[in-house]
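Report on the structure
One-letter residues, chain by chain:
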Amino acid sequence: MKFSRRLRALFRKDELDQQLSDEMAFHLEKQIEQNIAAGMSAEEARYAALRKFGGVEQVKEECRDAWGVRFVESIIQDLSYGVRMLRKNAGVTAVAVISLALGIGANVALFSVINAMLLRALPVRNPQELVEFIRLDPEGNMMGNLEPREYEYLRENSSVLSGLLAFWTDARVLRSQAGSERVVVHEVSGSFFPTLGVPALIGRTIDPADDRSEVDHNVVVLSYPFWSSHFGRDPSVVGATLRLNGEPCTVIGVMPLDFFGVNRSRNAAMWVPLASDPHPDYVWVLGRLRPGVSIPQARAQLEPLFHRAIESFRDSMKGWRKEDQERVLGEKLLLNPATAGTSDLRWEYWEYSNTLKILVGMTVLVLLITCVNVANVLMARSAARTREMGIRLAIGAGRLRIFRQLLTENMLLALLGGVVGLLVAAWAHRILVTLLVGNRQGVGLDFRLDGRVLSFCLATSILTGLLSGVLPALRAGNWGRAPATGDALQLRGSTRLPFARKLLTVQVALSLTLLIGAGLFVRTLRNLGRTDLGLARENLVLMSVDPSLAKSIHDRQEFWRSLTGRLTTVPGVLSASLAGDAVFGNGGWNNSVWVRQLDGSERSAQIADNAVSPGFFSTVGIPLLAGREFSMADQANSPPVAVVNRAFAREFFGEDDPVGKRFGHAGAGSSSQIEIVGVIGDAKYGGLRDRPAPMFYKPLFQSFQDRPYYVHVRIAGNPPAVIADMRREIQFMDPDISVYGVRTINEVINGLLQPDRMFAVLASAFGLLALVLTSIGVYGVVAYQITRRTGEVGIRLALGAQRRDVLWMFMRETLVMLATGAAIGVPAAVSVAHVLRSLLFGLEPFDPMTIVWATVTLVGAGALAGFLPARRAMKVEPMVALRYE
Amino acid sequence: MGKSIDLLQGTLDLLILKTLALEPMHGWGISQRIQQISQDSLQVQQGSLYPALHRLEQQEWIASEWGASENNRKAKYYRLTDAGRKQLELETAKWERLSAAVSQILATA
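Since the structure is predicted, the reported quantities are computational estimates derived from the model, not experimental observations.

Rules and cut-offs
- Residues numbered from 1 in each chain as written.
- Chains lettered and ligands numbered in written order.
- Predicted model: local features only at pLDDT ≥ 70, side-chain atom pairs only at ≥ 80, totals over all residues.
- Helix = DSSP H or I, 4+ residues; strand = E, 2+ residues; numbered from the N terminus.
- Rg over C-alpha atoms; globule rule 2.2 N^0.38 Å.
- Buried ≥ 20, exposed ≤ 12 C-beta atoms within 10 Å, placed from the backbone.
- Contact = placed C-beta atoms within 7 Å.
- Pairing = 2+ DSSP bridges.
- Bend = angle between axes of the 7 residues up to and from the residue.
- Domains from an automatic or database assignment.
- Nonpolar A, V, L, I, M, F, W, Y, C, P; charged D, E, K, R; others polar.
- Axes fitted to C-alpha atoms, helices over the stretch in contact; angles between N-to-C directions.
- Left-handed = near helix turned anticlockwise from the far one by under 90°.
- Core = buried A, V, L, I, M, F, W, Y, C linked by C-beta atoms within 7 Å.
- Parallel < 35°, antiparallel > 145°, perpendicular 65-115°, else oblique.
- pLDDT = per-residue confidence, 0-100.

1. A closer look at the overall build of chain A
- The number of helices and strands found in chain A is 28 helices and 22 strands.
- Here the C-alpha atoms of chain A give a radius of gyration of 38 Å, more than 25% beyond the 29 Å that 2.2 N^0.38 yields for 885 residues.
- Each principal axis of the C-alpha distribution contributes one length, and for chain A these read about 135 × 75 × 55 Å.
- For chain A, the residues scored as buried account for 39% of the 885 residues in total.
- Taking the intrachain contacts of chain A between residues at least 6 apart in sequence as the baseline, contacts between residues at least 24 apart amount to 82%.

2. Here's the deal with the overall build of chain B
- When helices and strands are counted, chain B shows 4 helices and 3 strands.
- The N-to-C order of helical and strand elements in chain B reads α-β-α-α-β-β-α.
- Expressed as a percentage of its 109 residues, the buried residues of chain B come to 29%.

3. Considerations on the pairing of strand 2 (residues 62-68) of chain B
Residue and element names in this part refer to chain B.
- Two elements, strand 2 and strand 3 (residues 74-80), share 7 bridges in a ladder whose sense is antiparallel. Note that in strand 3 the partner of A68 across the bridge is K74.
- A loop of 5 residues connects strand 2 with strand 3, the two strands running antiparallel in sequence, and N72 in this loop sits at a positive phi of about 65°.

4. Side note on helix 15 (residues 399-437) of chain A
- The largest bend along helix 15 of chain A reaches roughly 35° and is located at A:A428.
- Where helix 15 of chain A ends, the next residue or the one after it, A:G438, has phi of about 70°, a positive value.

5. Some words on the domain arrangement of chain A
- In terms of domains, chain A is made up of domain 1 (2-68), domain 2 (127-339), domain 3 (351-529 + 754-884) and domain 4 (548-736).
- Just the C-alpha atoms count here: the centres of domain 2 of chain A and domain 4 of chain A sit 35 Å apart.

6. What about the interface of chain A and chain B?
- Across the contact, 19 residues belong to chain A and 14 residues belong to chain B.
- Going through the elements one at a time, helix 1 (2-11), helix 2 (13-37), helix 3 (42-53) and helix 4 (56-67) of chain A are the ones with two or more residues in the side of chain A that touches chain B.
- The class makeup of the residues in the side of chain A that touches chain B is 8 nonpolar, 5 polar and 6 charged.

7. Observations concerning the packing of helix 19 (residues 553-568) of chain A against helix 22 (residues 719-733) of chain A
All names here are of chain A.
- Where helix 19 contacts helix 22, the two axes come as close as 11 Å, and the packing angle between them is 145°. Between helix 19 and helix 22 lies a crossing whose hand is right-handed. Note on element contacts: helix 22 touches helix 19 through M726, E729 and M733, opposite F559, R566 and L567.
- Its residues placed into classes, the contact of helix 19 with helix 22 shows 4 nonpolar, no polar and 2 charged.

8. Here's the deal with the nonpolar core
All names here are of chain A.
- Formed by 96 residues in total, the largest nonpolar core has its most connected members in V108, L512, L515, A763 and A770.
- Considering every element that reaches this core, the biggest residue donor is helix 18 (residues 498-530), with 17 residues.
- Excluding residues that lie within four positions of it along the chain, A763 makes contacts with M362, L514, G517, A518 and F521.
- Counting residues in each nonpolar core, the second largest holds 58 residues, with V541, A579, W594 and L700 among its members.

9. Overview of the sheet that holds strand 3 of chain B
- On the basis of which strands lie adjacent, the open sheet formed by 3 strands has the order 1-3-2 (chain B) and antiparallel pairing. With one partner strand each, in any of the chains shown, strand 1 (25-26) and strand 2 of chain B form the two edges of the open sheet.

10. Examining unusual backbone geometry
All names here are of chain A.
- The phi dihedral of R233 is positive, around 55°, even though this residue is not glycine.
- For N539, which is not glycine, the phi dihedral falls at a positive 55°.
- Inspection of the secondary structure assignment puts N539 in the loop between helix 18 and strand 12 (540-546).

11. Focus on the packing of helix 26 (residues 803-835) of chain A against helix 27 (residues 848-874) of chain A
Residues and elements named next belong to chain A.
- Here helix 26 crosses helix 27 at 155°, and the two axes come no closer than 9 Å. By the criterion of interaxial angle, the relationship of helix 26 to helix 27 is roughly antiparallel. As for how helix 26 packs across helix 27, the hand of that crossing is right-handed. Together, R803, V806, L807, F810, M811, T814, L815, L818, A822 and V826 of helix 26 and I851, T855, V859, G862, A863, G866, F867, A870, R871, A873 and M874 of helix 27 make up the contact between the two elements.

12. Focus on the environment of A:P225
Residues and elements named next belong to chain A.
- Along the polypeptide, P225 turns up in helix 9 (residues 224-231).
- For P225, a count of 15 C-beta atoms within 10 Å puts it in the partly exposed group.
- Here the alpha-carbon distance between P225 and E331, two residues 106 residues apart in the chain, equals 40 Å.

13. Quick notes on the confidence of the model for chain A
All names here are of chain A.
- Model confidence for chain A is summarised by a mean pLDDT of 85, while 94% of its residues fall at 70 or above.
- Mean pLDDT per element in chain A: helix 17 (residues 488-494) is the minimum at 40, and strand 6 (residues 219-222) is the maximum at 94.
- Predicted confidence for residues 480-495 stays below pLDDT 50, and this span has 27 contacts to residues more than four positions away or in other chains.

14. A word on helix 2 (residues 27-37) of chain B
- Turning to helix 2 of chain B, its buried residues number three or more, namely B:G27, B:W28, B:G29, B:I30, B:S31 and B:I34.
- Residues of helix 2 of chain B that are buried in the fold lie against helix 2 of chain A together with helix 1 (11-22), strand 1, helix 3 (46-58) and strand 3 of chain B.
- Positioned one or two residues after helix 2 of chain B, B:Q39 has a phi angle of 50°, which is positive.

15. Some points on the environment of A:P827
- Here A:P827 shows up in helix 26.
- Sequence separation of A:P827 and A:T513 is 314 residues, and the distance between their C-alpha atoms is 8.6 Å.

In structure tokens, the structure reads:
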């Protein structure tokens, strides 16, 4: 009610004012009547009445205060006045709004990426009820997914959940007239769709009846994008049959466009029942809490259940080592909120890496620089308004009122910056996502503007407005004390903006930190690009090949044997070879080895190994230093052999020739099993930052394993044409074989450099922005000082100062400020670099080259920005300057 | 007129409410009534009456309407609302407690 009264008062103000006047007039007239009755003259009676009443206008103002409209009214006044001031100083406004927009825009762009990657709720019923199940080792480290039998046990016995679902991500080969292609499928439990509560767009979803091993589980639900691309959104697709891994599957439904499953980083093309996977090792498990059940309550029930589940599998651990059994029995269960679903992106970019956190740090730094810059620009302007403020104070404005007026102006500026910043973000988040995630397959991020991003933008704008506005507004209150109407010359002499220079110093320091960081990232990227890989990276192509599952193991072994030979018949292929782990894949698998030492003792260590086919080292270009490569003669029935790298040889045999030495990987006492027949150079295998680590290679066909292999092909000339020919050749061998992940090593390395490139590009862009803002800041402050001190310059010149003395006077102040900023900024940057040490490559956090380069750039730009206005001061004509007074 | 007492903070509100409890009245009437009943010993600065009236109205303890005064002139009449009646009881009780306490101290100390 009271608020509505106020509103009424606000809109009926004129009417109320009139009533107020009438009311007072009535009172006065009554008093005058009374006075006249008491014998006064009309004139006397009137004066007496007014005297007795007190100040009429003052009383009216107090009454208006009582209506509570003054506050609102003055805000409207402030706003309209603010708009007028911003329009009057269009130049200052433009500079401030643009820098605010860039600062706010960078933060909003990053936030909208974080929102899309980590925060946005799943498009399912009540997503806030969902929880994710994670297995922890006895020390509490995350281990990830649950075993299917653990899932079954929990599903049957828990009462705190209204639903529990399991799924696993797999790839299957889809066969069509056009050929074979690999599609991402999510194998889901029958409870998956009912628990999520998402109905199909057409047809139906997978229900528990489909997910039983004893029934026909060959049904499939399509995603909307797959339906669009493969069936042109034809609704009659329901009932059609697809061939997946050689099995016919019936399409039973299509999901709505926005449903991507529960894993944002691996969008499914289709969903199939979990029962169609004969041996899933692990499953992702998500549960829906009953309404009113909290996560701790749920965990209190589910963890004992989880332990009972593990206990019940004790029989299957017979024959295990005691400590291994203990470890399994000591596992714990963690429940995480899964409102946003489960996503690899969260682990990759947030939990296990600092990528996003560093980006947040960078954008916050940019925002701070922006704030300081805007504060500076405003400060110079509010100093120019000293006279205005003085007059306002003199005619009775409260200091608080003036403070509020300036803050309102600044808020207006910040909100304007926020609106433009939103536009900046709409454009910048695409660049950010490309830099961050690259063209990774299957990642579906929803960037639609939502309330969260909007609130973030608003909050950032308000915070920015406060940060950049409070100090200048407070200072303006102080300047108000200066004699505004006093001697003009005195006024000019007194306004040297020492505080603005301090702010500028801070800005220089922050900008230098960013610039040095950018320099370090750029140099890191260059060092990584030039690092010696130990193999020949040009014209090397990688392919993943998955042989048809329909054939027997023997057929598949034959397929692999003949594959490399068939590929070398393709024109443009120089050589081809297979490996269990690809170059720049996982970096080999760790294996325990026992090596016979010179003194006859056995030494054991964890060493990465890899299985490769003949000709591998010459294909990828790792030099053979001694001995021989594998040949077709290294068979299951020939003596076991291995090739080791130089680091392995150094580690175990020192300077001795390792060829002919022996080691084993079948437990203690196996050290004479395998003979080393060759030594190769150290090549980076896992990552570009790798240091040479011991590694050994086994002949792939000596102990053949039935699994997909990576084909490495050395080609001559045009990769796309040769790749197309190779694909055709393989499909010709067997149309059910899928060839996927075809990429050149250069593409792989580019992918590995993605984060480094992102940091280099973003830090450079932000550094450049900081450089520009700081230059604007220096220019603004110096230019302002010069206009204020024209008179002083005139006097100095008239008294015989040289023009270059005047120039030096201003330049010295600028240079001192820049130097102070650099003196703060360099140590700050070095300590930040120490924190980021793991991201650097080929240089130390204290990198003199970078520091010198960044400091020279910033100080140079700052000095130039100071010189331009200072040169104007030099040209002042003394007579003109003095007459101006 | 004799010596008059300045009003304590908040007591003006109480007096206005009390005055209006008898009958609806305009501002001038209220000021006259307070002066009359207190036999001129309480001096209300007439001007300060109006902000107090508007404040009480804003708090919805009193309501106002325009009506005709004695010699048929338009005047703004105030009357007590139900909320105002409750407030008057509250304020009266508070005042009595305060004055009793003060008297007690003055009598004994």
